[in-house]
Amino acid sequence: MWENFLTLSEAPGGPTCAVIAVKCPHIQVTIVDLNEARINAWNSPDFKLPIYEPGLEDVVREARGRNLFFSTNVDKAIEEADLIFVSVNTPTKKSGVGAGSAADLNYVERATRRIATVANSSKIVVEKSTVPCRTAESMRTILEANSKPNCRFDILSNPEFLAEGTAITDLYNPDRVLIGSLQTPEGKAASDALVSVYANWVPTERILTVGLWSSELSKLAANAMLAQRISSINALSAICEATGANIDEVAHAIGYDSRVGPKFLKASVGFGGSCFQKDILNLVYLSESCHLPEVAAYWRQVVEMNEYQKRRFSKRVVDTLFNTITDKRIAVLGFAFKADTGDTRESAAITLIKDFQSERALINVYDPQVEHSQIWADLQEASPQVPLDAIQKQVTICSSALEACKDAEAVVIATEWKEFQEIDWEAVYQKMNKPAFVFDGRLLVDAEKLRQIGFKV
Ligand SMILES: NC(=O)c1ccc[n+]([C@@H]2O[C@H](COP(=O)([O-])OP(=O)(O)OC[C@H]3O[C@@H](n4cnc5c(N)ncnc54)[C@H](O)[C@@H]3O)[C@@H](O)[C@H]2O)c1
Ligand SMILES: O=c1ccn([C@@H]2O[C@H](COP(=O)(O)OP(=O)(O)O[C@H]3O[C@H](CO)[C@@H](O)[C@H](O)[C@H]3O)[C@@H](O)[C@H]2O)c(=O)[nH]1
């Protein structure tokens, strides 16, 4: 059995492989990244880790220095490893063929070439990154064309299904682990070997083994189906607002059907995060490449509905505040794309604040986890033509929800942080201009209770 694992990069490689280290003390796990600052953070004596994830610190505290190591020495780790997880980023391409929808596989290819160049012994290479269908074939071609004699590579697909904010509980107790391999004796043997690692803590009936292409496509499909539920419920929320029906009641009624189920039916200001939009667009591009324009249009609509929902929300704020928010102060509570993470990628808050900026409003923003520098970087990226000092004249970052609400005309809840449920709303009401409005983009607070205080919700 192997002794050495290596994971190239961070999320999801970091949390996943840290959990493997905890659950498999007989395996040495090394997490490498080209980014020195991130590796230094993983190694920091006070456990100031590069990502905020509940429970992650305990996992790292248990295994770091025992059988879990973090390093920037990629080549040494490749040489020593028996199995390598490639967990590098696969963002949407910004230019060239497929710009705006295809996945940028440059990082995967570079990592693969490095493995081929450096490896002096046979290895199992595992695609952990989310990739288009048949990427494993390209990886094999690159590895075989560049490897040394006597080195053989078996390639597996093992997509990650953890969600940010619940990564550690998801990893400890996954709905399923999916492993794809070539259906050859060698491919199946490599798959069995990875199964035996997860079997240290995952019940074997939850470890699914399938063909490589099914595994790759299942990851894109799972995210597309999850995001589709959110866009469906958000589309229904527009009908609710037009008719007086209540979207929470509708979702509750639909979700009671055991064929539908209650999860992932929370209407919101729109889904964010680094995965949903990217992976659906990836599926759209794949459909177009397969000459399936109707299929591509179907999935694209999930993303378009999400954009519509964000625009609809901003417009509702402006319309309700008597058709103008110029020089009015808006408190935006939450900047992360969801609760329990400091991640802001594709966060709905960025779009809302940009919309409010273009209406010349003054914006106070508060988030309990997101670094101030990250907020400025995101707002600058969203409005590259506006100088940062002009953005900073319109936007103020506050250190508490109460401070953000002072002298505001409206509160916008953009992230479902639990602490926003527990705010002293009486005190908020006293500090705000009247009439005081609340726009709950996450259906988080008790609207009736707020109305009794005097808010217009
Ligand atoms: N973030 C999640 O919760 C999550 C969940 C499931 C799947 N995924 C998938 O995992 C992949 C990575 O996730 P992410 O976007 O969160 O990543 P990320 O951008 O946070 O991290 C990627 C890291 O890879 C490093 N890297 C790039 N090339 C490298 C190389 N050749 N050698 C070593 N390190 C290298 C970068 O320095 C960076 O730190 C993506 O395909 C994503 O779709 C992510
Ligand atoms: O009913 C819901 C559920 C979620 N959201 C929003 O949807 C986004 C994504 O949430 P979630 O899926 O919980 O977080 P991610 O970390 O993006 O996880 C998704 O993307 C990962 C990366 O591919 C996958 O591994 C996970 O299985 C998949 O859930 C967030 O903005 C949520 O606020 C809603 O608006 N309504």
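About the cut-offs
Residues numbered from 1 in each chain as written. Chains lettered and ligands numbered in written order. Predicted model: local features only at pLDDT ≥ 70, side-chain atom pairs only at ≥ 80, totals over all residues. Heavy atoms only, no water. UniProt positions renumbered as here; feature names shortened; annotations may be inferred. Helix = DSSP H or I, 4+ residues; strand = E, 2+ residues; numbered from the N terminus. Rg over C-alpha atoms; globule rule 2.2 N^0.38 Å. Buried < 20%, exposed > 50% of the residue type's maximum accessible area, 1.4 Å probe, protein only. Contact = heavy atoms within 4.5 Å. Areas by Shrake-Rupley, 256 points an atom, 1.4 Å probe, with all protein chains shown as cover. 1 Å grid on protein atoms, 1.4 Å probe; cavity = no way out; pocket = protein on both sides within 12 Å on 5 of 7 lines; lining within 4 Å. Points joined across faces, edges and corners; volume = space filled by probe spheres on them. Nonpolar A, V, L, I, M, F, W, Y, C, P; charged D, E, K, R; others polar. Axes fitted to C-alpha atoms, helices over the stretch in contact; angles between N-to-C directions. Parallel < 35°, antiparallel > 145°, perpendicular 65-115°, else oblique. Near = heavy atom within 4 Å. Polar contact = N/O pair within 3.5 Å; in protein donor to acceptor, adjacent residues only side chain to side chain. Domains from an automatic or database assignment. Phe/Tyr/Trp six-rings, centres within 6.5 Å; stacked < 30°, edge-to-face > 60°. Core = buried A, V, L, I, M, F, W, Y, C linked by side-chain atoms within 4.5 Å.

The name given to the protein in an unreviewed UniProt entry is UDP-glucose 6-dehydrogenase, with Asterophora parasitica as the source organism. Under Sequence similarities (unreviewed entry), UniProt gives the following word-for-word description of the protein: "Belongs to the UDP-glucose/GDP-mannose dehydrogenase family." Of the comments in the UniProt record for the protein, the one headed Catalytic activity (unreviewed entry) reads "UDP-alpha-D-glucose + 2 NAD(+) + H2O = UDP-alpha-D-glucuronate + 2 NADH + 3 H(+)".

Caption draft 1: Structural context of the overall build of the protein. Of the regular secondary structure elements, the protein holds 18 helices and 13 strands. What you see for the protein is a C-alpha radius of gyration of 24 Å, in line with the 23 Å of a compact globule of 457 residues. Classification of the 457 residues of the protein by burial places 51% in the buried group. Considering only contacts in the protein between residues 6 or more positions apart, those separated by 24 or more positions represent 75%. For the protein, the exposed area adds up to about 20,900 Å²; of that, 51% sits on carbon and sulfur atoms.

Caption draft 2: Spatial organisation of empty space enclosed by the protein. Applying the stated criterion to the full structure yields 2 cavities of 30 Å³ or more. Each pocket or cavity is described by its volume, and for the largest cavity that value is around 50 Å³. Looking at the largest cavity, the residues that line it are E127, S129, T130, V131, S157, N158, P159, E216 and K219. For the lining of the largest cavity, a count of residues per class yields 2 nonpolar, 4 polar and 3 charged.

Caption draft 3: Examining the packing of helix α6 (residues 135-146) against helix α9 (residues 212-243) more closely. For the pair α6 and α9, the least separation of the axes is 9 Å and the interaxial angle reads 125°. The angle between α6 and α9 falls in the class oblique. Across the interface between the two elements, T135, A136, E137 and R140 of α6 pack against L212, W213 and E216 of α9. Here the residues of the contact of α6 with α9 are counted per class, giving 3 nonpolar, 1 polar and 3 charged.

Caption draft 4: Structural context of the environment of L281. If you trace the backbone, L281 turns up in helix α11 (residues 276-289). Residue classification places L281 among the buried residues on the basis of a relative accessible area of 7%. Between the C-alpha atom of L281 and that of A102, which follows or precedes it by 179 residues, the distance is 6.7 Å. Residues in contact with L281, not counting those within four places in the same chain, are G100, S101, R300 and V303.

Caption draft 5: Highlighting the site of ligand 2. Residues in contact with ligand 2 amount to 22 residues; listed here are only the nearest, F161, L162, S268, C275 and F337. Between ligand 2 and L162 there is a distance of 2.6 Å, counted from an oxygen atom to a backbone nitrogen or oxygen. Take N223: an N or O atom from its side chain is 2.8 Å from an oxygen atom of ligand 2. Of all the secondary structure elements, the ones that give two or more residues to the shell around ligand 2 are α9 and α11. Broken down by element, the residue count for the shell around ligand 2 peaks at 4 residues, all from α9. Taken together, the residues of the shell around ligand 2 break down into 11 nonpolar, 3 polar and 8 charged. Counting the residues that make up the shell around ligand 2, at least three belong to each of domain 1 (4-211) and domain 2 (321-453).

Caption draft 6: Summary view of the layout of surface pockets. For the second largest pocket, the calculated volume is near 870 Å³. Forming the boundary of the second largest pocket are 28 residues, of which E241, R316, D440, L443 and V457 lie nearest the centre. Of all the secondary structure elements, the ones that give two or more residues to the lining of the second largest pocket are α9, α10 (247-255), α12 (293-320), β13 (437-440) and α18 (447-453). Element by element, the count of residues in the lining of the second largest pocket is highest for α12, at 6 residues.

Caption draft 7: Just unusual backbone geometry, in detail. With an omega of -5°, the peptide bond running from K434 to P435 counts as cis. Mapped onto the fold, P435 is located in the loop between α17 (425-431) and β13. For N150, which is not glycine, the phi torsion reads 75° and is therefore positive. Inspection of the secondary structure puts N150 in the loop between α6 and β6 (153-157). At N323, a residue that is not glycine, the phi angle is positive and equals roughly 65°.

Caption draft 8: View of the UniProt feature "active site" (unreviewed entry) in the protein. Within this structure's numbering, the places UniProt gives as "active site" (unreviewed entry) are C275. Considering the arrangement of structural elements, one finds C275 in the loop between α10 and α11. Exposure remark for C275: the relative accessible area of 32% places this residue in the partly exposed category.

Caption draft 9: The packing of aromatic side chains, seen in detail. The tally for this structure, following the rule as stated, stands at 10 aromatic pairs. Ring geometry for F322 against F437: centres 6.0 Å apart, planes inclined by 70°, an arrangement best described as edge-to-face. Of the two residues, F322 sits in the loop between α12 and β9 (329-333) while F437 sits in strand β13, which places them 115 residues apart along the sequence. In this structure F322 comes out as exposed when scored by relative accessible area, which is 54%. We classify F437 as buried; its relative accessible area is 5%. Aromatic pair Y366 and F420: ring centres 6.2 Å apart, planes at 65°, arrangement edge-to-face. Note that Y366 is positioned in strand β10 (residues 362-366) and F420 in the loop between β12 (410-413) and α17, a separation of 54 residues in sequence.

Caption draft 10: Quick peek at the nonpolar core. In terms of nonpolar packing, the biggest core is built from 56 residues, with I330, L333, F356, V411, W425 and F455 touching the most fellow members. It is helix α13 (residues 348-358) that contributes the most residues to this core, 6 residues altogether. Here I330 is in contact with V317, L321, I325, F356, A361, L362, I363, N364, A410 and V412, once residues within four sequence places are set aside. Core analysis: the second largest hydrophobic core is formed by 40 residues, A167, I168, V177 and W201 among them.

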